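Descriptive structure summary
Residues per chain, in single letters:
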Amino acid sequence: MFETNKVTEVKYDKKIKFNGFEVNARKWKAKEKFSFKNSIKEGTNDIIESLVYKCLDNNVVLSPNEYKYALAQIRAHSLGEEIELEFFCDSCNERFRTKVNLNEIVKPVYKEIKEIKTKNHNILLGTIKNPDFYKKVIVQAPNELDFYLRIHSINDEECFSIEEVIKYFNEMDIDEFEEIINQWEEIKFKIDDIFEVKCSKCNEGKKYQFDEIPGFFPNSWYE
């Protein structure tokens, strides 16, 4: 008799580390490909859930940069780290194809610091406190809201609502506020997607920003 449990066994065997926490992820399954194709066809937004969140072993919410990094890590784990791309060399005026490694073109940048300290404030940061609300607003949210929703306490007092936090910072002296935001910019999770590609014909190098990666999904996923 066909043993379906062997096919459906889930292995969260890929650790993805962020600033202050880590998650375990699994490989994409065939259903993720079908969900991707259906989302493209129907114009829905199911891709965000199916390609990352449904592949994690715990209920977390990720910032856009964290999501991009997790997506690249899961793609590398599922389909391989290398993608072959075509470039045009400005030096020798020739087209060439070369392989790039996802781990080299989508690199995490952060400092493992959970506190922001100024003269009058000690702010303790952690994971997102209101995941459902964060998912709804993060696409259009300013940088400050991403920061506010990670605050667990201010001067050892727990923050109970986002409204309280917003009001607190709105009434803060601007010099202190700017110092806090500057520290946040230094420690928050970011992506370094700048990578130098060398021409396979003349060895001349040129730096590219891989904010989008051609060939990230196989052509068959669009057919």
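If you're wondering where the values come from, they're calculated on a predicted model, not measured in any experiment.

With respect to the overall build of the chain
- Within the chain, the secondary structure is distributed over nine helices and 12 strands.
- Along the longest, intermediate and shortest principal axes, the C-alpha atoms of the chain span 60 × 55 × 30 Å.
- The long-range share in the chain, meaning contacts at least 24 apart out of those at least 6 apart in sequence, stands at 59%.
- Taking the average place of the 34 positive charges on the side chains of the chain and the average place of its 42 negative ones, the gap between the two points comes to 7 Å.

Details of helix H9 (residues 174-187)
- When the terminal C-alpha atoms of H9 are compared, their 20 Å separation across 14 residues agrees well with the 20 Å that a helix rising 1.5 Å per residue should span.
- Looking only at H9, the buried set comprises Glu-176, Phe-177, Ile-180, Ile-181, Trp-184 and Ile-187. One side of H9 carries all its buried residues, which in axial view fall inside an arc of 130°. Exposed residues lying more than 90 degrees from the buried face of H9 are Ile-174 and Asp-175.
- Where H9 is buried, its residues touch strand S6 (115-117), strand S7 (122-125), helix H7 (143-148) and helix H8 (162-170).

Quick word on the layout of surface pockets
- Taken as a whole, the largest pocket holds about 560 Å³ of empty space.
- Along the walls of the largest pocket sit 21 residues, with Ile-48, Pro-64, Tyr-67, Lys-68 and Leu-71 positioned nearest its centre.
- Every element with two or more residues in the lining of the largest pocket is listed here: helix H3 (46-51) and helix H4 (64-79).
- If one sorts the elements of the lining of the largest pocket by residue count, H4 sits on top with five residues.
- Residues that form the lining of the largest pocket fall into these classes: 14 nonpolar, two polar and five charged.

Quick notes on the sheet that holds S7
- On the basis of which strands lie adjacent, the open sheet formed by four strands has the order S6-S7-S8-S9 and antiparallel pairing. Pairing within the sheet leaves two strands with one partner each, and these edge strands are S6 and strand S9 (157-158).

Side note on the packing of aromatic side chains
- As enumerated under the stated definition, the model contains 23 aromatic pairs in all.
- Taken together, a centroid distance of 4.9 Å and an interplanar angle of 50° make the contact between Phe-87 and Tyr-208 tilted. In this pair, Phe-87 is assigned in strand S3 (residues 82-89) and Tyr-208 in strand S12 (residues 205-209), connecting sequence segments 121 residues apart.
- Between Phe-147 and Phe-169, the ring centres sit 5.7 Å apart and the planes meet at 70°, which makes this aromatic pair edge-to-face.

Here we look at the nonpolar core
- In this structure, Leu-62, Phe-147, Ile-151 and Phe-169 are the most contacted members of the largest nonpolar core, which totals 64 residues.
- Looking at this core element by element, the count peaks at seven residues for H4.
- Residues in contact with Leu-62, not counting those within four places in the same chain, are Phe-18, Phe-21, Val-52, Tyr-53, Leu-56, Tyr-67, Ala-70 and Tyr-134.

Details of the state of the cysteines
- What the rule picks out here adds up to zero disulfides.
- In this structure Cys-89 is a free cysteine whose sulfur lies 3.6 Å from that of Cys-202, the closest cysteine sulfur available.

Re the pattern of salt bridges
- Under the defined criterion, the tally for this structure stands at 15 salt bridges.
- Among the ionic pairs, Glu-112 bridges to Lys-17, the shortest N-O distance being 3.3 Å. Of this pair, Glu-112 sits in the loop between strand S5 (107-109) and S6 while Lys-17 sits in strand S1 (residues 14-17), and the two are 95 residues apart along the sequence.
- Classification of Lys-17 by relative accessible area gives partly exposed; the value is 43%.
- The salt bridge involving Asp-193 is made with Lys-68; its shortest N-O contact spans 3.1 Å.

A word on the pairing of strand S2 (residues 22-25)
- Judged from the four bridges that link them, S1 and S2 form a sheet pairing that is antiparallel. Each residue of the ladder has a partner; that of Ile-16, found in S2, is Val-23.

Here's the deal with the environment of Asn-122
- Here Asn-122 shows up in strand S7.
- Considered as a pair, Asn-122 and Asn-155 are 33 residues apart in the sequence and their alpha carbons are 4.9 Å apart.
- For Asn-122, the residues in contact, after removing those within four places along its chain, are Glu-115, Ile-116, Lys-117, Ser-153, Ile-154, Asn-155 and Asp-156.

Rules used throughout
- All residue numbers here refer to positions counted from 1 along the written sequence of the relevant chain.
- Side-chain atom pairs in this predicted model are given and counted only at pLDDT of 80 or more, local residue features only at pLDDT of at least 70, and totals for whole chains, interfaces and linings cover all residues.
- Neither water nor hydrogens contribute to the side-chain values; these are computed over all heavy atoms in the structure.
- For the purposes of this entry, the term helix denotes a DSSP run of H or I that reaches at least four residues, the term strand denotes a run of E that reaches at least two, and both are numbered from the N terminus.
- The contact rule is simple, with two residues in contact once any of their heavy atoms fall within 4.5 Å.
- Here the positive residues are Lys and Arg and the negative ones are Asp and Glu; neither His nor the chain ends is included.
- Charged groups are reduced to one reference atom each: NZ for lysine, CZ for arginine, CG for aspartic acid, CD for glutamic acid.
- By this rule, a helix spans an expected 1.5 Å times one less than how many residues it contains.
- Relative accessibility under 20% of the residue-type maximum defines a buried residue, over 50% an exposed one, and the middle range a partly exposed one, all with a 1.4 Å probe and only protein chains included.
- Throughout, the arc means that of the directions going from the helix axis to the C-beta atoms.
- Within this scheme a cavity is a closed region of a 1 Å grid, computed over the protein atoms alone, that accommodates a 1.4 Å probe without allowing it to escape, whereas a pocket is open but has protein on both sides within 12 Å along at least five of seven lines; lining residues each have an atom within 4 Å of a point.
- Grid points are joined across faces, edges and corners, and a volume is the space filled by probe spheres set on the points.
- Classification convention: Asp, Glu, Lys, Arg as charged; Ala, Val, Leu, Ile, Met, Phe, Trp, Tyr, Cys, Pro as nonpolar; all other residues, Gly among them, as polar.
- Paired strands are those between which DSSP finds at least two bridges.
- For Phe, Tyr and Trp, where Trp contributes only its six-membered ring, two rings pair if their centres lie within 6.5 Å, and the inter-plane angle classes them as stacked under 30 degrees, edge-to-face over 60, or tilted in between.
- Here, nonpolar core means buried Ala, Val, Leu, Ile, Met, Phe, Trp, Tyr and Cys residues that are tied together by side-chain atoms lying within 4.5 Å of each other.
- Pairs of cysteine sulfur atoms within 2.5 Å are identified as disulfides in what follows.
- By definition, a salt bridge exists where a carboxyl oxygen of Asp or Glu is found within 4 Å of a side-chain nitrogen of Lys or Arg.

These results come straight from atomic positions and should not be treated as a statement about function.
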